[in-house]
Amino acid sequence: MQSRHGRSAGPDLIAAVLLAGFATLVAACGSRGELTPARGDPRAGAVAITRRACGSCHAIAGIPGADGRVGPPLARFASRKLIAGRIPNSLEGLRRYLDDPQSVDPGNAMPDQGLTDREIRDIAAWLESRG
Amino acid sequence: MRGLRPAIRRFGPGLLLGGLAAGIVAVAAGAAILFGGVYHTGADNPHLEPVAWAVHQTMISSVRHRAKREPVVPPATPARLIAGAQQYEAHCISCHGGPGVARAPWASALLPTPPFLIDARTRWTPRELRVLVAHGVKMSAMPAWEEILPGEAIDDLVMFLEFMPRLDARRFERLRERVRAMPTDPLMASGPAVSLAPLPLRETQPLSRGIVPDPSKPPNTRP
């Protein structure tokens, strides 16, 4: 049916090519964004939070079963000014605290879990996404 | 009653056929899981949220139910707390960590992942903790410790779990150093877990101060 209307096949083809090109561009931009070093993946962050058992000490809204009562709840962590009440809350501060909690707040129960930098960035992105 | 017979005549064959079809689908799904390998049993593939909830809730209910028949854990003494700390160091810390102490790297690769236990006493009663330690948890990496440890050692462990939130990271580290330096390995001993002679502990001391010296205070030099 369509092939008989010779005039409409051309524009359709051009539109299809343009659309495919645009989709490729969007996909390329998306994957480039994920590789940007400073940017973590919130969904991977949620997985890391579960695997690292953060919820056995912290109450974390949005992580199933995370109802710990040892450390502070992590709701609205991103809007907090200080980490452990001592150092400024930033990606750098979070990295420093997670890498060696005892150096920031000696004697506290938070362990150095040996998180990878990727995990720290993902967890930071997840906390950020929760406000 | 009069309305029932026509209803059966009208809907009966459809219901029967529907039930049969549902049964066939269920059997096919079961066969696909059992023999077709469609279900992913790998530990790097998390459960769906409702499945995770159901499995966990089943465990909680089972432990609570079984705790009613579990022996009552006797009151803690300093000596038994030390013995419990020694058991914890030998058997528990690599998967469950402690105050200021991370779990071994493999713990975060387990599914379900073993929790930190600092607030275990707010989640479970002593008897429930005894159920968990003594009988373990099916389909998790938690062993049934009573299979290889005497019952008293299980009690010691539960006493120590109850005590753990009173230790900060520094005092926990000192306690670890102390139990690591002890000669007897309670794992291998079937009698009393540890010799208490070298410990400067008195039963009358408050537990929180008697077990681990507070690093901010000078050590007790009295013989």
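Residues numbered from 1 in each chain as written. Chains lettered and ligands numbered in written order. Predicted model: local features only at pLDDT ≥ 70, side-chain atom pairs only at ≥ 80, totals over all residues. Heavy atoms only, no water.

## Focus: the overall build of chain B
Logical step 1: Counting its secondary structure elements, chain B contains eight helices and zero strands.
Logical step 2: The secondary structure elements of chain B, listed N-terminal to C-terminal, are α-α-α-α-α-α-α-α.
Logical step 3: Taking all 223 residues of chain B together, the buried fraction comes to 34%.
Logical step 4: Here the contacts in chain B between residues at least 6 apart in sequence split such that 67% fall between residues at least 24 apart. (Helix = DSSP H or I, 4+ residues; strand = E, 2+ residues; numbered from the N terminus. Buried < 20%, exposed > 50% of the residue type's maximum accessible area, 1.4 Å probe, protein only. Contact = heavy atoms within 4.5 Å.)

## A look at the overall build of chain A
Logical step 1: Helix and strand content of chain A: five helices and two strands.
Logical step 2: Scanning chain A from its N terminus toward the C terminus, one meets helices and strands in the order α-α-β-β-α-α-α.
Logical step 3: Relative to its full complement of 131 residues, chain A shows a buried share of 33%.

## Quick notes on the nonpolar core
Logical step 1: Ranked by internal contacts, the top residues of the largest apolar core, which has 37 residues, are Met59, Tyr88, Trp124, Phe160, Leu161, Phe172 and Leu175 of chain B.
Logical step 2: When residues of this core are assigned to their parent elements, the largest contribution, eight residues, is made by helix H6 (residues 151-163) of chain B.
Logical step 3: Counting 22 residues, the second largest nonpolar core, distinct from the first, contains Ile83, Ile87, Leu115 and Ile120 of chain A. (Core = buried A, V, L, I, M, F, W, Y, C linked by side-chain atoms within 4.5 Å.)

## Structural notes on the packing of aromatic side chains
The geometry of two aromatic rings is summed up by the distance between their centres and the angle between their planes.
All names here are of chain B.
Logical step 1: Inspection of the entire model under this criterion finds one aromatic pair over all chains.
Logical step 2: With 5.4 Å between their ring centres and 55° between their planes, Tyr88 and Phe160 make a pair best called tilted. Here Tyr88 is found in helix H3 (residues 78-96), whereas its partner Phe160 is found in helix H6, with 72 residues between them in sequence. Comparing Tyr88 with Phe160 shows no difference in burial state: the two are buried. (Phe/Tyr/Trp six-rings, centres within 6.5 Å; stacked < 30°, edge-to-face > 60°.)

## Structural notes on the interface of chain A and chain B
Logical step 1: On the chain B side, the residues contacting the 21 residues of chain A number 23 residues.
Logical step 2: Carbon and sulfur atoms supply 53% of the area that chain A and chain B bury against each other, a total of about 1600 Å² over both sides.
Logical step 3: Counting across the chain A and chain B interface gives one salt bridge.
Logical step 4: Between Asp67 of chain A and Arg123 of chain B there is a salt bridge, with the nearest N and O atoms lying 2.7 Å from each other.
Logical step 5: Counting the contacts that link chain A with chain B gives 10 residue pairs in polar contact (both at pLDDT 80 or more). (Buried area = accessible area lost by both parts, 1.4 Å probe. Salt bridge = Lys/Arg side-chain N within 4 Å of Asp/Glu carboxyl O. Polar contact = N/O pair within 3.5 Å; in protein donor to acceptor, adjacent residues only side chain to side chain.)

## Focus: helix H2 (residues 49-67) of chain B
Residue and element names in this part refer to chain B.
Logical step 1: Taking 1.5 Å of rise per residue, 19 residues should cover 27 Å, and H2 covers 27 Å from first to last C-alpha, within 8% of that figure.
Logical step 2: If you check which residues of H2 are buried, you get Met59, Ile60, Val63 and Ala67. Down the axis of H2, the sector holding all buried residues measures 95°, keeping them to one side. Along H2, exposed side chains directed more than 90 degrees from the buried face belong to Pro50 and Thr58.
Logical step 3: Buried positions along H2 lie against helix H5 (126-135). (Expected span 1.5 Å × (residues − 1). Arc of directions from axis to C-beta.)

## Quick notes on the packing of H5 of chain B against H6 of chain B
Residues and elements named next belong to chain B.
Logical step 1: Two elements in contact, H5 and H6, have axes whose closest approach is 9 Å; the angle formed by their N-to-C orientations is 125°. The angle between H5 and H6 falls in the class oblique. H5 and H6 meet at a crossing whose hand is right-handed. Across the interface between the two elements, Pro126, Leu129, Arg130, Val133 and Ala134 of H5 pack against Gly151, Ile154, Asp155, Leu157, Val158, Leu161 and Glu162 of H6.
Logical step 2: Within the contact of H5 with H6, the residues separate by chemical class into eight nonpolar, one polar and three charged. (Axes fitted to C-alpha atoms, helices over the stretch in contact; angles between N-to-C directions. Parallel < 35°, antiparallel > 145°, perpendicular 65-115°, else oblique. Left-handed = near helix turned anticlockwise from the far one by under 90°. Nonpolar A, V, L, I, M, F, W, Y, C, P; charged D, E, K, R; others polar.)

## Quick notes on the packing of H3 of chain B against helix H7 (residues 169-180) of chain B
For any two helices packed against each other, the geometry is given by the interaxial angle and the distance between the axes.
All names here are of chain B.
Logical step 1: Interaxial distance between H3 and H7 falls to 9 Å at its minimum, and their mutual angle equals 90°. When the axes of H3 and H7 are compared, the pair comes out roughly perpendicular. For the pair H3 and H7, contact is made by Ile82, Ala85, Gln86, Tyr88, Glu89 and Ile93 and by Phe172, Leu175, Arg176, Arg178, Val179 and Arg180, respectively.
Logical step 2: Each residue belonging to the contact of H3 with H7 can be placed in one class, and the counts come to seven nonpolar, one polar and four charged.

## Examining a nonpolar patch on the surface
Logical step 1: A cluster of nonpolar side chains, Ile33, Val38 and Tyr39 of chain B, forms an exposed patch at the surface whose accessible area comes to about 310 Å².
Logical step 2: Tracing the chain through its elements places Tyr39 of chain B in the loop between helix H1 (4-34) and H2. (Patch = residues over 30% accessible without salt bridge, like charges linked within 9 Å, V, L, I, M, F, W, Y side chains within 5 Å. Areas by Shrake-Rupley, 256 points an atom, 1.4 Å probe, with all protein chains shown as cover.)

## Quick notes on the pattern of salt bridges
Logical step 1: Applying the stated criterion across every chain, the model contains 18 salt bridges over all chains.
Logical step 2: Here Asp117 of chain A ties to Arg95 of chain A by a salt bridge, and the two come within 2.7 Å at their closest N and O atoms. Of this pair, Asp117 of chain A sits in helix H5 (residues 117-129) while Arg95 of chain A sits in helix H3 (residues 91-99), placing them 22 residues apart in sequence.
Logical step 3: By relative accessible area, which is 18% here, Arg95 of chain A ends up buried.
Logical step 4: Ionic pairing is found between Glu162 of chain B and Arg121 of chain B, a salt bridge with its closest N-O pair at 3.7 Å. You can see Glu162 of chain B sitting in helix H6 and its partner Arg121 of chain B sitting in helix H4 (residues 120-123), a full 41 residues away along the chain.
Logical step 5: Take Glu162 of chain B: its relative accessible area is 17%, and that puts it in the buried class.

Remember that the coordinates give geometry; whether it matters functionally is a separate question.
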